[in-house]
Amino acid sequence: MTPADLSRTVLHAVRRAVDEDALRAPVPARVRVERTRPGGRGEYACAVALQLAGPAALPARDVAAILRERVLTAPGIDDVEITGPGFLNFTLRPGAHGLGTLVRTVAAHGTAYGHGDALAGAPVSFVPAKELRARIVTETVERLLRSQGARTGERAADGEPLHVVPVPPADRDLFDRLGTDAARWALLRAAPHDRPRDTGDGALLVQRESNPLFRVRYAHARIRALGRNARQLGFGASYEESVDAPALAALLADHPGVLAAAARHREPDRVARQLEALAQAFFDFHDCASPLPVGDEKPSAAHRSRLALAEAAGTVLAGGLSLLGISAPEVL
């Protein structure tokens, strides 16, 4: 069960409670589920009961109790605790994290994994931007918003749609020095309140571990190479048995939520940071459990499952880079 699955489960419980007249409140468009913070209970937490308490004219803990009763019977849920003023805390059953299901979901959706309808139908427009960074961020945010179902489009002064145009000659210096990929990463990786870094000394062009863009793109290229090497050895990716990779699995599961949050808050740097974390998690996973046979090993179910997980990570890396307008080379 992924965070998105759990979110839908809680939303279904809210609808049931309203339909059964146990709760009189408007059903929210979505329910936000987050990983439990250090020291908290369970694996995931949700504050929807606090959100519904006012409209329902009930204490938040009473709302939480109504929802708990309906979530407890859902597949994959081991326990639901109510803490504090009315937070729901979820513990999943062993195996309910569904890594195999998650890997197959990523494979089925490809680079569109994480795209959804969180902002379906919401019309969004922006004031035409002139400054270079604002133009690049706006273009990328529009792409993120469309990935979540929103209708986007800047409008010119006369009301006509304003399409994304090439970088004007006056702003070409950065792109000429770094190239499109590194220039976009430099402008998008910085948080909105921070100034872009590494735009003057060419650090983003150096192929070394200290270059975060290189690590992300190299992780993608390395994963593609694993697939090619596996085919040469006569086997392919297939998730057949459990794989111990909690950090990598958690980042894959969180990807839809990261895209939705990046779109909602207009912060593409969230995507860049997640790609960095995902690349590091892949390298750690690869170092501990190679997807390819080593020495006298023969290809096994374990290798096929590890390769499937690695390829899922590669797909998410490619999809995230695409949303940032950055290429994901097969060979680097």
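**Section: the packing of helix α2 (residues 48-56) against helix α3 (residues 60-71)**
What describes two packed helices is the angle between their axes and the distance between those same axes.
Moving on, step 1. The interhelical angle for the contact between α2 and α3, taken along N-to-C directions, is 115°, at an axis separation of 8 Å. As summarised for this structure, α2 and α3 are arranged roughly perpendicular, according to the angle between their axes. Between α2 and α3 lies a crossing of right-handed hand. Residue-level inspection shows Val48, Ala49, Leu50, Leu52, Ala53 and Ala56 of α2 in contact with α3, the latter providing Ala60, Val63, Ala64 and Leu67.

**Quick look at the layout of surface pockets**
Moving on, step 1. One number sums up the size of the largest pocket: a volume of about 1300 Å³.
Moving on, step 2. As for the largest pocket, its lining consists of 47 residues, of which Ala4, Arg30, Pro256, Gly257 and Ala260 are closest to the centre.
Moving on, step 3. Where the lining of the largest pocket is concerned, the elements lending two or more residues are α1 (3-19), β1 (33-35), α4 (99-109), α8 (246-265) and α9 (269-288).
Moving on, step 4. Element by element, the count of residues in the lining of the largest pocket is highest for α8, at 10 residues.

**A short note on the pairing of strand β3 (residues 77-83)**
Moving on, step 1. Two elements, β3 and strand β4 (residues 87-92), share six bridges in a ladder whose sense is antiparallel. Among the inter-strand pairings, Val80 is bridged to a residue of β4, identified as Phe90.
Moving on, step 2. Here β3 folds back onto β4, and the loop between the two strands holds three residues, one of which, Gly84, carries a positive phi near 55°.

**Considering the side chain of Asn89**
Moving on, step 1. Note that Asn89 resides in strand β4.
Moving on, step 2. Only 2.7 Å separates the side chain of Asn89 from the side chain of Thr83, close enough to count as a polar contact.
Moving on, step 3. If sequence neighbours within four positions are ignored, Asn89 has contacts with Arg41, Tyr44, Ala45, Asp79, Val80, Glu81 and Thr83.

**A closer look at α8**
For an α-helix, 3.6 residues make a turn, and residues three or four places apart therefore share a direction.
Moving on, step 1. The terminal C-alpha atoms of α8 lie 27 Å apart, and with 20 residues this matches the ideal 28 Å at 1.5 Å per residue to within 8%.
Moving on, step 2. His255 marks the point of greatest bend in α8, at about 45°, and the proline Pro256 comes within the next four residues.
Moving on, step 3. With its phi angle positive at about 60°, Arg266 sits one or two positions after the end of α8.

**Things to note about α9**
Moving on, step 1. If you check α9, its first and last C-alpha atoms are 29 Å apart, about what 20 residues at 1.5 Å a residue would give, namely 28 Å.
Moving on, step 2. All of the buried residues in α9 are Asp269, Val271, Ala272, Gln274, Leu275, Leu278, Ala279, Ala281, Phe282, Phe283, Phe285 and His286.

**Things to note about the environment of Thr73**
Moving on, step 1. Take Thr73: it is sitting in the loop between α3 and β3.
Moving on, step 2. When the C-alpha atoms of Thr73 and Ala13 are compared, they prove to be 10.0 Å apart, with 60 residues separating the residues in sequence.

**Some points on the sheet that holds β4**
Moving on, step 1. Taken in spatial order, the four strands of this open sheet run β1-β2-β4-β3, and their pairing is antiparallel. Where the open sheet ends on each side, the last strands, each with one partner, are β1 and β3. Direction aside, neighbouring strands of the sheet carry axes that sit 30° apart on average.

Calculation criteria
- Per chain, residues are indexed from 1 in the order of the written sequence.
- Residues qualify for local features only when their pLDDT is at least 70, as the model is predicted, and side-chain atom pairs are given and counted only at 80 or more; totals for whole chains, interfaces and linings, by contrast, use all residues.
- Hydrogen atoms and water are omitted, and side-chain values are computed over all heavy atoms in the structure.
- Structural elements are reduced to axes, namely lines fitted to C-alpha atoms, with helices fitted over the stretch in contact, and the angle between N-to-C directions of any two is expressed from 0 to 180 degrees.
- In this text, helices come from DSSP runs of H or I with a minimum length of four residues, and strands from runs of E with a minimum of two, each type numbered from the N-terminal end.
- Here roughly perpendicular refers to angles of 65 to 115 degrees, roughly parallel to angles under 35, roughly antiparallel to angles over 145, and oblique to all remaining angles.
- Crossing chirality is assigned from the near helix's rotation relative to the far helix, an anticlockwise turn below a right angle marking it left-handed and a clockwise turn marking it right-handed.
- Note on definitions: a residue-residue contact is assigned when non-hydrogen atoms from the two residues lie within 4.5 Å.
- Cavities and pockets were defined on a 1 Å grid built over protein atoms only: a cavity is a set of grid points that admits a 1.4 Å probe from which the probe cannot escape, a pocket is an open set flanked by protein on both sides within 12 Å along at least five of seven lines, and lining residues are those with an atom within 4 Å of any such point.
- Grid points are joined across faces, edges and corners, and a volume is the space filled by probe spheres set on the points.
- Two strands are said to pair when DSSP picks up at least two bridges between them.
- Any pair of nitrogen or oxygen atoms within 3.5 Å is treated as a polar contact; in protein, a donor-acceptor pairing is required on top of that, and neighbouring residues in sequence qualify only through side-chain atoms on both sides.
- Take the number of residues in a helix, subtract one, and multiply by 1.5 Å to get its expected span.
- Bend, in this description, refers to the angle at a residue between axes fitted to the seven residues ending there and the seven starting there.
- A 1.4 Å probe rolled over the protein chains alone gives each residue an accessible area, and that area as a share of the maximum for its type sets the label: buried under 20%, exposed over 50%, partly exposed in between.

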